[in-house]
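Residues per chain, in single letters:
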Amino acid sequence: MNGESEEQGYQRGLGARQIQMIAIGGAIGTGLFLGAGKSITKAGPSVILAYALAGLVIYAIMRALGELLMYRPVSGSFSTYAREFLGPYWGFVTGWTYWLFWVITGITEVTAAATYMQHWWPSIPQWVSALVFTLILYGANLISVKLFGELEFWFSAVKVTAIIGMILIGLGVITLGFSDAGPTASFTHLWADGGFFPNGVGGTLMTLQIVMFSFLAVELVGVTAGESVDPEKNLPRAIKTVPWRIALFYIGSLIIILSVVSWTVFEPGTSPFVAAFQKIGLPFGAGIVNFVVLTAALSSCNSGMYSTGRMLRDLALNGQGPKMFTKLTRNGLPLVGTSFSVALMMVGVWINYEWPSEAFDLVVSFATISGMWAWAMILCSQLVYRAKSDRGELPVSSFRAPGAPWTSWIALAFIAMVVVLMGFDAESRVSLYGAPVWAAILTVSYFVIKARNPETFTKTSA
């Protein structure tokens with residue numbers, strides 16, 4: 001396993017605590033801190049149920065990924081597994097689509113960060129903040145992978161500490177009645193203000209796209225496999241923490257926030273955490289929360305820049321991308337691929353210049369559909385691998401997914417349902433128009449590259 005990583009040129013500089021925090025922090029970002037405001041206005045308190053159901057599906061996806069990672073931990077991750085178990089075409093599509101996902105997510109995160117800056121300095125144009133943040137994070141990604149892991153550790157530590165602090169303060173407001181929100185704070189807000197399903201079950205279902213977006217990046221731990229110290233030990237540990245992460249950071253925080261303040265108070269485009277602390281009236285409370293959500297967005301974008309370079313290099317090593325992306329710096333960093341990706345992320349600066357108020361919604365739906373494709377490929381690859389390992393054709397993974405293959409089939413059905421529901425939402429429907437265009441571009445590109453280099457397109461990359 002280590003030999004493969006060394007052959008790829010990467011350095012195993014990510015230790016156990018960094019992997020744990022990357023796993024925890026990767027899924028705590030814009031989707032929860034900013035996107036939750038929109039889902040709350042659509043579904044009311046029932047958004048908690050939406051997050052719980054989606055969380056179960058996410059755990060099934062992560063256990064499927066864990067089974068594959070323990071079979072063969074590589075930095076190419078989803079692209080490598082799709083290439084091996086589904087064929088070179090699917091590896092090509094998955095690698096480029098996951099790369100696109102992180103480019104778009106990077107745009108989403110800097111957009112959110114620029115939005116948060118308006119809380120303190122509304123006079124600064126949103127596009128200026130987006131440009132500055134993009135350049136700063138690009139500089140951070142020119143550091144060694146070990147230092148990247150250390151930075152992500154502390155970024156994530158801030159997010160985790162803040163959410164736990166918010167929950168504790170919220171519980172104090174509800175039970176002890178202090179602060180401006182104390183007299184009205186109550187768990188009865190979860191069912192008294194129009195019911196648990198104030199807009200019906202349909203309203204809850206229509207939030208699933210935003211909810212699934214909130215969980216995007218939870219799979220990032222798979223991309224770190226080739227640079228993780230002792231992946232056979234550290235990666236399963238990180239994946240096993242998924243249930244309590246979802247229960248605490250998503251479900252727990254939303255229960256408290258929606259109990260402190262009625263769901264009817266929140267507005268789309270505004271962080272519910274910031275809004276709640278404004279209602280509580282604690283000195284500097286909203287400003288502190290705004291700083292935390294700003295940190296969360298920048299952390300997620302930083303992880304995205306990390307991921308794009310690795311995915312492009314995996315494609316290039318397998319003849320499915322330009323050879324220039326194979327180059328590494330002396331510190332083992334894919335500088336060319338990262339630089340190319342960041343250049344495209346600059347599109348986010350333009351979007352923030354042209355449509356500052358709609359920027360977040362414009363990119364969320366594109367990020368969701370491309371991210372869910374990666375999840376679907378993880379599940380499909382795991383189903384093929386499980387069948388082969390059960391027949392004795394491949395070694396059995398040391399970290400088998402419980403309930404598989406049924407849990408994988410259920411997760412695939414859930415993803416399909418979310419895609420169908422996106423077609424009923426005018427704002428997210430645009431991504432369904434763009435997906436066939438992207439698929440056509442990839443398909444044509446695949447056959448052109450294959451015709452020029454047929455010897456590189458083998459069934460597997462093992």
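Up top is the structure these notes are about.
It should be emphasised that the depicted structure is a prediction, and the values quoted were computed from it without experimental measurement.

A. Structural view of the side chain of Glu 219. Along the polypeptide, Glu 219 turns up in the loop between helix H12 (208-215) and helix H13 (231-240). Buried charge without a salt bridge: Glu 219, with Arg 245 as the nearest opposite-charge side chain at an N-O distance of 9.6 Å. Here the side chain of Glu 219 touches Tyr 98 through a polar contact of 2.6 Å, side chain to side chain. Polar contacts involving the side chain of Glu 219 include one to the side chain of Trp 375, which spans 2.9 Å.

B. Expanded view of H12. Burial analysis of H12 places 8 of its 8 residues in the buried class, the great majority of the element. Looking at H12, one finds that the buried residues are Leu 208, Gln 209, Ile 210, Val 211, Met 212, Phe 213, Ser 214 and Phe 215. Looking one or two residues past H12, Ala 217 carries a phi angle of roughly 100°, positive in sign.

C. Representation of a nonpolar patch on the surface in the model. Side chains of Leu 49, Leu 53, Leu 56, Phe 197, Val 201, Leu 205 and Met 417 sit close together on the surface and give an oily, nonpolar patch of about 590 Å² of accessible area. Considering each element in turn, the nonpolar patch owes the most residues, 3 residues, to helix H5 (residues 47-71). Structurally, the position occupied by Leu 49 is in helix H5.

D. View of helix H14 (residues 242-260). In a regular helix each residue adds 1.5 Å, so 19 residues correspond to 27 Å; H14 covers 26 Å between its end C-alpha atoms and thus fits that length. A maximum bend of about 30° is found in H14 at Gly 252. Here H14 lies mainly inside the structure; 14 of its 19 residues are buried.

E. The arrangement of the packing of aromatic side chains in detail. A full pass over the atoms with the stated rule returns 22 aromatic pairs. With centroids separated by 4.8 Å and ring planes inclined at 35°, the aromatic side chains of Tyr 71 and Tyr 385 adopt a geometry described as tilted. On the criterion of sequence distance, the pair formed by Tyr 71 in helix H5 and Tyr 385 in helix H19 (residues 359-390) is long-range, its members being 314 residues apart. Here the aromatic rings of Phe 101 and Trp 102 are separated by 5.0 Å at their centres, their planes lie at 55°, and the arrangement is tilted. Pair check on accessibility: Phe 101 and Trp 102 agree, each one buried. In textbook terms, an aromatic cluster arises when at least three aromatic residues are bridged by ring pairs, as seen for Tyr 89, Trp 90, Phe 92, Trp 373, Tyr 446 and Phe 447. When the ring centre of Phe 399 is taken as origin, the NZ or CZ atom of Arg 63, which lies over that ring, is 4.0 Å away.

F. Here's a closer look at the environment of Lys 323. For Lys 323, the location among the structural elements is in the loop between helix H16 (285-317) and helix H17 (335-345). Residue classification places Lys 323 among the exposed residues on the basis of a relative accessible area of 71%. Lys 323 sits 10 residues away from Arg 313 along the chain, and the two C-alpha atoms are 8.4 Å apart.

G. The arrangement of the layout of surface pockets in detail. Counted as a void, the largest pocket has a volume near 750 Å³. Contributing to the lining of the largest pocket are 35 residues, with Leu 100, Ile 369, Ser 370, Ala 435 and Trp 438 lying nearest its centre. Put simply, the parts of the chain that give the lining of the largest pocket at least two residues each are helix H7 (88-117), helix H18 (347-354), H19, helix H20 (406-422) and helix H21 (429-452). Element by element, the count of residues in the lining of the largest pocket is highest for H21, at 10 residues. Looking at the lining of the largest pocket, its residues break down into 30 nonpolar, 5 polar and no charged.

H. Representation of the pattern of salt bridges within the structure. According to the stated counting rule, one finds 5 salt bridges in the structure shown. Arg 72 is the partner of Glu 84 in a salt bridge, and the nearest nitrogen-oxygen pair spans 2.7 Å. One end of the pair, Glu 84, is in helix H6 (residues 78-85); the other, Arg 72, is in the loop between H5 and H6, with 12 residues separating them in the sequence. Take Glu 84: its relative accessible area is 6%, and that puts it in the buried class. For Arg 72, a relative accessible area of 10% puts it in the buried group.

I. Local environment of the packing of helix H9 (residues 145-176) against H14. With their axes 9 Å apart at the nearest point, H9 and H14 run at an angle of 35° to one another. In the crossing of H9 with H14, the sense of the turn from one axis to the other is left-handed. Of the residues in H14, those touching H9 at Val 160, Ile 163, Ile 164, Met 166, Ile 167, Gly 170, Leu 171, Val 173 and Ile 174 are Leu 248, Phe 249, Gly 252, Ser 253, Ile 256, Ser 259 and Val 260. Along the lines of polarity and charge, the residues of the contact of H9 with H14 split into 12 nonpolar, 4 polar and no charged.

J. Looking closely at unusual backbone geometry. Between Ala 404 and the following residue, Pro 405, the backbone shows a cis peptide bond with an omega angle of 10°. Assignment of secondary structure puts Pro 405 in the loop between H19 and H20. For Ser 179, which is not a glycine, the phi torsion comes out positive at approximately 80°. You can see Ser 179 is positioned in the loop between H9 and helix H10 (189-192). Accessibility expressed as a relative area gives 24% for Ser 179, which makes it partly exposed.

What counts, and where the lines are drawn
- Residues numbered from 1 in each chain as written.
- Predicted model: local features only at pLDDT ≥ 70, side-chain atom pairs only at ≥ 80, totals over all residues.
- Heavy atoms only, no water.
- Helix = DSSP H or I, 4+ residues; strand = E, 2+ residues; numbered from the N terminus.
- Buried < 20%, exposed > 50% of the residue type's maximum accessible area, 1.4 Å probe, protein only.
- Lys, Arg positive; Asp, Glu negative; His and termini not counted.
- Salt bridge = Lys/Arg side-chain N within 4 Å of Asp/Glu carboxyl O.
- Polar contact = N/O pair within 3.5 Å; in protein donor to acceptor, adjacent residues only side chain to side chain.
- Patch = residues over 30% accessible without salt bridge, like charges linked within 9 Å, V, L, I, M, F, W, Y side chains within 5 Å.
- Areas by Shrake-Rupley, 256 points an atom, 1.4 Å probe, with all protein chains shown as cover.
- Expected span 1.5 Å × (residues − 1).
- Bend = angle between axes of the 7 residues up to and from the residue.
- Phe/Tyr/Trp six-rings, centres within 6.5 Å; stacked < 30°, edge-to-face > 60°.
- Lys NZ or Arg CZ within 6 Å of the ring centre and 35° of its normal.
- 1 Å grid on protein atoms, 1.4 Å probe; cavity = no way out; pocket = protein on both sides within 12 Å on 5 of 7 lines; lining within 4 Å.
- Points joined across faces, edges and corners; volume = space filled by probe spheres on them.
- Nonpolar A, V, L, I, M, F, W, Y, C, P; charged D, E, K, R; others polar.
- Axes fitted to C-alpha atoms, helices over the stretch in contact; angles between N-to-C directions.
- Left-handed = near helix turned anticlockwise from the far one by under 90°.
- Contact = heavy atoms within 4.5 Å.

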